[in-house]
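Residues per chain are reported as follows:
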Amino acid sequence: MRWLSPLEPNNRHQGVRTERFDGVGNWLLETTEFREWRYSEGGADKAVLFCSGNPGVGKTYLR
Amino acid sequence: MIDSLCDRAQEDNIAVAGLYCDFLSQQDQITTNIMGAILKQLVSRGGIPDHLREAFQKGKKEFGGRAPRLADLMGMLKIVIASLPQVFICLDALDECLQKYVSELLESLRDIVQESPRTRIFLTGRPHVRGDVQRYFSKAVVIPISSNPDDIRNYVEMRLDRDSEPEAMSNDLRVDIVRVILEKISNVSVKAFGTPTPSMMCTYQRLGVDSS
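Since the model is a prediction, treat every value here as computed from it, not as a measurement.

Observations regarding the overall build of chain A
Phase 1: Helix and strand counts for chain A come out as three helices and one strand.
Phase 2: The linear arrangement of helices and strands in chain A, starting from the amino end, is α-α-α-β.
Phase 3: When the 63 residues of chain A are sorted by exposure, 32% land in the buried category.

So, in structure tokens, the structure goes:
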């Protein structure tokens, strides 16, 4: 598996997961934009959801 | 996001892969490694597919173990993604990736979506990479993220609840702390999740410790 990539994203994910405060970013899951992206039956047009924001606003910790 | 998706992965029959870009490991975060990491996560769910095993065996014999090139990885990734019902790829902090790889990365992702249009891609990044994202995905949905006062209030309340000196706290002081922090945050952006920032600690100390 290391042959494919030396990166181990799981380590960082575990850190974020542990530090995240429950409920943070839940509002995003309720938005129409999120739902459309999440549950649309496909279509390359709707493939990308980009959360844009300044450093430190909590993008990494969105649940 | 990865957790929200993973929680429902089984019910919804989806596969989730993701990666956090980081200034500190920029040198390693080249497109090849990022795509390799995505592939690695997707195949670790089930057994290693034969085509991947063969490519590895072949690479091992050549040149004393050749690492796969981006084109090789993309080929393998496309096969794996096509074999799964639906794949979600999450990339955090696109802006922390070296600029010269951002385009290549987005191009690779576009390639994947063209091949498997059901694939969903979740990206985060500072506003300045928006142009890059839209160059490759003109219809990308952009959600602006700013610090959410409710999230911050809840977080501060939790920290106050866990304060090691509860006797130094009064109700008025508590209300004050929350108010001042929220006021400050409405002016500047601070990292209020995870570890508290120095500015938060200062406010906390000034109000909490000095007056005790």
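Back to the write-up after that little detour.
Brief notes about the sheet that holds strand 3 (residues 120–125) of chain B
Phase 1: Pairing is parallel across the open sheet formed by five strands, whose spatial order is 1(B)-2(B)-3(B)-1(A)-4(B). At either margin of the open sheet sits one strand with a lone partner, and together these are strand 1 (15–20) and strand 4 (141–144) of chain B. Across the sheet, the mean angle from the axis of one strand to that of its neighbour is 15 degrees, orientation sign disregarded.
Phase 2: In the sheet, strand 1 (residues 48–52) of chain A pairs with strand 3 of chain B via five bridges, with the strands oriented parallel. Its bridge partner lying in strand 3 of chain B, L49(A) is registered against F122(B).

What to know about the nonpolar core
Phase 1: Among the nonpolar cores identified, the biggest contains 51 residues, and V48(A), I38(B), L39(B), L77(B) and I89(B) are the most heavily contacted of them.
Phase 2: Per element, the largest residue contribution to this core is seven residues, and it comes from helix 3 (residues 31–43) of chain B.
Phase 3: Discounting chain neighbours no more than four positions away, the residues touching L39(B) are L4(A), L73(B), M76(B), L77(B) and V80(B).

Some details on unusual backbone geometry
Most of the time, phi is negative for any residue but glycine, and the peptide bond is trans.
All names here are of chain B.
Phase 1: The phi torsion at A93 lies on the positive side, around 60 degrees, for a residue other than glycine.
Phase 2: Looking at the secondary structure, you find A93 in the loop between strand 2 (87–92) and helix 6 (99–115).
Phase 3: For A93, a count of 20 C-beta atoms within 10 Å gives the class buried.

Regarding the packing of helix 4 (residues 50–61) of chain B against helix 5 (residues 70–83) of chain B
Residue and element names in this part refer to chain B.
Phase 1: At a closest axis distance of 10 Å, the pairing of helix 4 and helix 5 adopts a crossing angle of 160 degrees. Between helix 4 and helix 5, the angle falls in the class roughly antiparallel. As helix 4 packs across helix 5, the resulting crossing turns out to be left-handed. For the pair formed by helix 4 and helix 5, the contact residues are H51, L52 and A55 on the first element and D72, M76 and I79 on the second.

Examining the environment of S116(B)
Residue and element names in this part refer to chain B.
Phase 1: Within the secondary structure layout, S116 lies in the loop between helix 6 and strand 3.
Phase 2: Since 20 C-beta atoms lie within 10 Å of it, S116 is described here as buried.
Phase 3: Along the backbone, S116 and V129 are 13 residues apart, and their C-alpha atoms lie at a distance of 24 Å.
Phase 4: When neighbours within four sequence positions are excluded, S116 is seen to be in contact with I81 and A82.

Quick word on helix 5 of chain B
All names here are of chain B.
Phase 1: The end-to-end C-alpha distance of helix 5 is 20 Å, a good match for the 20 Å that 14 residues give at a rise of 1.5 Å each.
Phase 2: Among all positions in helix 5, only L73, M76, L77, V80 and I81 are buried. All buried residues of helix 5 lie within an arc of 130 degrees about the axis, which places them on one face of the element.
Phase 3: Where helix 5 is buried, its residues contact helix 3, helix 4, strand 2 and helix 6.

Describing helix 4 of chain B
Phase 1: Over its twelve residues, helix 4 of chain B runs 17 Å from end to end, which matches the ideal 16 Å to within 8%, given 1.5 Å per residue.
Phase 2: Among the twelve residues that make up helix 4 of chain B, one are buried, leaving the element largely open to the surroundings.

Description of the packing of helix 3 of chain B against helix 6 of chain B
Residues and elements named next belong to chain B.
Phase 1: Two elements in contact, helix 3 and helix 6, have axes whose closest approach is 9 Å; the angle formed by their N-to-C orientations is 35 degrees. Crossing geometry of helix 3 relative to helix 6 is assigned as right-handed. Packed against helix 3, whose contacting residues are T31, I34 and M35, the element helix 6 presents Y101, E104, L105 and S108 at the interface.
Phase 2: When the residues that make up the contact of helix 3 with helix 6 are grouped by side-chain class, the tally is four nonpolar, two polar and one charged.

Reading guide: rules and limits
Residues numbered from 1 in each chain as written. Chains lettered and ligands numbered in written order. Predicted model: local features only at pLDDT ≥ 70, side-chain atom pairs only at ≥ 80, totals over all residues. Helix = DSSP H or I, 4+ residues; strand = E, 2+ residues; numbered from the N terminus. Buried ≥ 20, exposed ≤ 12 C-beta atoms within 10 Å, placed from the backbone. Pairing = 2+ DSSP bridges. Axes fitted to C-alpha atoms, helices over the stretch in contact; angles between N-to-C directions. Core = buried A, V, L, I, M, F, W, Y, C linked by C-beta atoms within 7 Å. Contact = placed C-beta atoms within 7 Å. Parallel < 35°, antiparallel > 145°, perpendicular 65-115°, else oblique. Left-handed = near helix turned anticlockwise from the far one by under 90°. Expected span 1.5 Å × (residues − 1). Arc of directions from axis to C-beta. Nonpolar A, V, L, I, M, F, W, Y, C, P; charged D, E, K, R; others polar.

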